[in-house]
Amino acid sequence: MKITHSILLTFIAAIFLHGCGPEQDIPANADYGKGMEIKVFKFYADWCGPCQAMKPEYEKVKKLYPHVEFYEVDWDKNREKAEKFDIKGIPHVIKLTNKNRIKRQSGYMSRNALVRFIEND
């Protein structure tokens, strides 16, 4: 199933309108059509072993890219939204660019894999 840019924007807007849980560091006034060129969303769960193993790698990569907006979405607290976006497994990373490019990958990603994911279309 191919996800279009407009569906992704609708999904992202739904997350921000309804919240991602109190632990999420996501601005309520985010504007997805402007601003940062790259946005990276990581879906995770606290009980997920690969998610927990990926967490320190993701944090290190966030520091390498101050121009990229990074978000973390708790899959358990946002299950309905994840299902609407057809996320079947976690960890799951989605990259959105202002150039209407969408990239997604499921499973554990090392620091190097995350860097390649962000830098390559």
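Everything here concerns the structure above.
**Focus: the nonpolar core**
Among the nonpolar cores identified, the biggest contains 15 residues, and Val40, Phe70 and Ile118 are the most heavily contacted of them. At the level of elements, β1 (38-44), α2 (49-64) and α4 (111-119) are the ones that each hand at least two residues to this core. Take this core: its biggest share by element is five residues, from α4. In contact with phenylalanine 70, other than residues within four places in its own chain, are Val40, Tyr58, Val61, Lys62, Tyr65 and Ile118. In terms of nonpolar packing, the next biggest core, distinct from the first, is built from 14 residues, Phe43, Cys48, Phe85 and Ile87 among them.

**Considering the side chain of glutamate 57**
Considering the arrangement of structural elements, one finds glutamate 57 in helix α2. For glutamate 57, a relative accessible area of 15% gives the class buried. Not counting the four nearest positions on each side in its chain, glutamate 57 is found in contact with Tyr108, Met109, Ser110, Arg111 and Leu114.

**Quick look at unusual backbone geometry**
That bond from isoleucine 90 to proline 91 is cis: its omega, -5°, falls within 30 degrees of zero. Relative to the elements of secondary structure, proline 91 occurs in the loop between α3 (79-84) and β3 (92-97).

**With respect to the packing of aromatic side chains**
Counted according to the given criterion, the structure contains three aromatic pairs. Relative to tyrosine 71, the ring of phenylalanine 41 lies with its centre 4.9 Å away and its plane at 20°, an arrangement referred to as stacked. Taken as a pair, phenylalanine 41 in strand β1 and tyrosine 71 in strand β2 (residues 69-74) lie far apart in primary sequence, 30 residues in all. The burial state of phenylalanine 41 is the same as that of tyrosine 71; both residues are buried.

**Brief notes about α2**
An ideal rise of 1.5 Å per residue puts 22 Å on 16 residues; α2 measures up with 24 Å between its terminal C-alpha atoms. Of all the bends found along α2, the most pronounced is centred on lysine 55 and spans about 35°, while proline 56, a proline, follows it within four residues. All of the buried residues in α2 are Cys51, Met54, Glu57, Tyr58 and Val61. Where α2 is buried, its residues meet β1, β2, β3 and α4.

Rules used throughout
- Residues numbered from 1 in each chain as written.
- Predicted model: local features only at pLDDT ≥ 70, side-chain atom pairs only at ≥ 80, totals over all residues.
- Heavy atoms only, no water.
- Core = buried A, V, L, I, M, F, W, Y, C linked by side-chain atoms within 4.5 Å.
- Buried < 20%, exposed > 50% of the residue type's maximum accessible area, 1.4 Å probe, protein only.
- Helix = DSSP H or I, 4+ residues; strand = E, 2+ residues; numbered from the N terminus.
- Contact = heavy atoms within 4.5 Å.
- Phe/Tyr/Trp six-rings, centres within 6.5 Å; stacked < 30°, edge-to-face > 60°.
- Expected span 1.5 Å × (residues − 1).
- Bend = angle between axes of the 7 residues up to and from the residue.

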